[in-house]
Amino acid sequence: MWSGPVEYAGACVVAELLVGQDPLEREYIYSRVKQAMRQQAEIGISAVDIALWDLAGKYHDAPIHQLLGGYRTTLPTYPASVHATEHDELKSPEEMADFAEQCKELGYPAFKIHGWENGEPNREAATILALRDRVGPEMDLMSDPYNALRTFGDAIKVGRACDEAGYFWYEDPLADGGISQFAHRKLRELLATPLLLTEHVRGLEARVDFMVNGATDFVRGDVQYMGITATMKLAHAAEGLGLDIELHSPGPAQRQCMAAIRNTNYYELSGSRPKGPNANYIPVYANDYVDQLDAAVDGHFPVPQGPGLGVEYDWTAIRRNSLGTEVFQ
Ligand SMILES: [Mg+2]
């Protein structure tokens, strides 16, 4: 789940800063590490911050969501498709609609399209309309072109299909990489569908600026990049503005956070495919924790109730797949 050597290298810098610190003083560590990591866009904080919360939960013998202030015990979920490709299981608007219908029959209340990486706007728009035709009005639908649309005009064209089909949100359409407040304010003026931005904006303050400056409707919170501490700060900032935060990607830490947030709508089961295992799921758990399409009950996933993250790890499997080990002392 941790995307590659850049994040891992950052985590090592953070881990070194922990030596000699009280591991329960997460706020102090967050502030110190944030300053130290400012030139690396704070990447690397999350793995260590999540580990500190897991430790705190085990120390207090409570699940993290209870320490944060519990709000819910099950999580309404949307499968987000793997990226469509010309040569695999999601080749056409019809195949994407088949998959959305399959998810509706499994009981999911919502579904998100990850389109084709070449960002061809007419096919993206046709897919958006085909899904609404197929699943009817009651399922929430979202479109995430993953910054593949090459021009502002293409983003308008695809966004107007979202408007016509009554989409719940339109996420990261522009090839700017999802970081221009000016471009997204303009897009919001021209479209009716709510925008969801900030998956690719780094740091708490820059995400809050996006909301305050009217450049997004939903704010993306990212436990994978920000950690639990900063994600909860962002959730509370959004709450104070009357807005919703939506958490990126599945995982035990995401479930713990979402369980303690009122102003959020869905758990994201990204990497979902019509057949076969989830493309992003790494089986490192020794208990019954799982993020797979067929594991939800009525479109909801449970919140782990054990101490800390509430999961047990299969250390044999982890060691078998390890690429290296670092020790800080
Ligand atoms: Mg996204």
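From a predicted model like this one, the values you see are computed outputs, not experimental measurements.

The rules we used
Residues numbered from 1 in each chain as written. Predicted model: local features only at pLDDT ≥ 70, side-chain atom pairs only at ≥ 80, totals over all residues. Heavy atoms only, no water. Donors = N, O, S within 2.8 Å, 3.2 Å for Na, K, Ca; no water. Helix = DSSP H or I, 4+ residues; strand = E, 2+ residues; numbered from the N terminus. Buried < 20%, exposed > 50% of the residue type's maximum accessible area, 1.4 Å probe, protein only. Polar contact = N/O pair within 3.5 Å; in protein donor to acceptor, adjacent residues only side chain to side chain. Axes fitted to C-alpha atoms, helices over the stretch in contact; angles between N-to-C directions. Parallel < 35°, antiparallel > 145°, perpendicular 65-115°, else oblique. Contact = heavy atoms within 4.5 Å. Nonpolar A, V, L, I, M, F, W, Y, C, P; charged D, E, K, R; others polar. Left-handed = near helix turned anticlockwise from the far one by under 90°. Phe/Tyr/Trp six-rings, centres within 6.5 Å; stacked < 30°, edge-to-face > 60°. Lys NZ or Arg CZ within 6 Å of the ring centre and 35° of its normal. Core = buried A, V, L, I, M, F, W, Y, C linked by side-chain atoms within 4.5 Å.

J.: Can you walk me through the coordination of the magnesium ion in this structure?
T.: The protein atoms donating to the magnesium ion are Asp144 (OD), Glu171 (OE) and Glu199 (OE), with metal-donor distances spanning 2.1 to 2.3 Å. In the primary structure, the donors to the magnesium ion are separated according to the pattern D-x26-E-x27-E. Taken together, the positions of Asp144 in strand β3 (residues 140–144) and Glu171 in strand β4 (residues 169–171) put the pair 27 residues apart, joining distant regions of the chain. Take Asp144 and Glu171: they sit in the same class, and that class is buried.

J.: What is the right way to look at the side chain of Gln224 in this model?
T.: Relative to the helices and strands, Gln224 is located in helix α10 (residues 223–240). Here Gln224 falls in the buried class, since its relative accessible area comes to 6%. At a separation of 3.4 Å, a polar atom in the side chain of Gln224 contacts the side chain of Ser249.

J.: Just to check I follow, could you spell out the packing of helix α2 (residues 26–36) against α10 for this structure?
T.: Any two packed helices are characterised by how steeply their axes cross, that is the angle between the axes, and by the distance between the axes. The geometry of α2 relative to α10 is characterised by a closest axis approach of 10 Å and an angle of 95 degrees between their N-to-C directions. Overall, the two elements α2 and α10 adopt an arrangement that is roughly perpendicular. For the pair α2 and α10, the contacting residues are Arg26, Glu27 and Tyr30 in the first and Thr229, Ala230 and Lys233 in the second. Tallied by class, the residues present in the contact of α2 with α10 amount to two nonpolar, one polar and three charged.

J.: Got a minute to help me understand the packing of helix α5 (residues 93–105) against helix α6 (residues 121–135) in this structure?
T.: Orientation of α5 relative to α6, taken along the N-to-C sense of each, is 35 degrees, at an axis distance of 8 Å. The element α5 and its partner α6 pack so that their crossing is right-handed. Contact residues: α5 offers Pro93, Glu94, Met96, Ala97, Asp98, Ala100, Glu101 and Lys104, while α6 offers Arg123, Ala126, Thr127, Ala130, Leu131, Arg134 and Val135.

J.: I would appreciate a short explanation of unusual backbone geometry in the present structure.
T.: Glycine aside, a negative phi is what most residues show, and trans is what most peptide bonds show. In this structure, Asp61 is a non-glycine residue whose phi angle is positive, near 55 degrees. The topology assignment puts Asp61 in the loop between α3 (45–60) and α4 (64–68). Positive phi outside glycine occurs at Tyr146, with the angle close to 60 degrees. By the secondary structure assignment, Tyr146 is in the loop between β3 and α7 (152–165).

J.: Teacher, can you tell me more about the packing of aromatic side chains here?
T.: Geometry of an aromatic ring pair is reported as the spacing of the ring centres plus the angle between the planes. A complete count under the given rule lists 12 aromatic pairs for this structure. Taking 5.9 Å as the distance between ring centres and 40 degrees as the angle between the ring planes, the aromatic pair formed by Phe168 and Trp169 counts as tilted. Arranged with centres 5.4 Å apart and planes meeting at 55 degrees, the rings of Trp169 and Phe218 form a pair that is tilted. With Trp169 in strand β4 and Phe218 in strand β6 (residues 218–221), this residue pair connects regions lying 49 residues apart in the sequence. Sitting above the plane of the Trp53 ring, Arg26 keeps its charged end 3.9 Å from the centroid. The ring centre of Tyr225 lies 4.2 Å from the NZ or CZ of Arg202, which sits over that ring.

J.: Honestly, the nonpolar core in this entry has me stumped. Any pointers?
T.: Nonpolar side chains tend to gather and get buried jointly when the protein is soluble and globular. Membership of the largest hydrophobic core comes to 73 residues, with the highest contact counts inside it found for Phe111, Leu131 and Ile228. Counting residues per element, this core draws most heavily on α10, which supplies eight residues. If near-sequence neighbours (up to four positions away) are discounted, Ile228 is found in contact with Asp49, Ile50, Trp53, Ile64, Leu68, Val223, Ala253 and Cys257. Among the nonpolar cores identified, the runner-up in size contains eight residues, and Tyr78, Leu196, Phe218 and Tyr266 belong to it.

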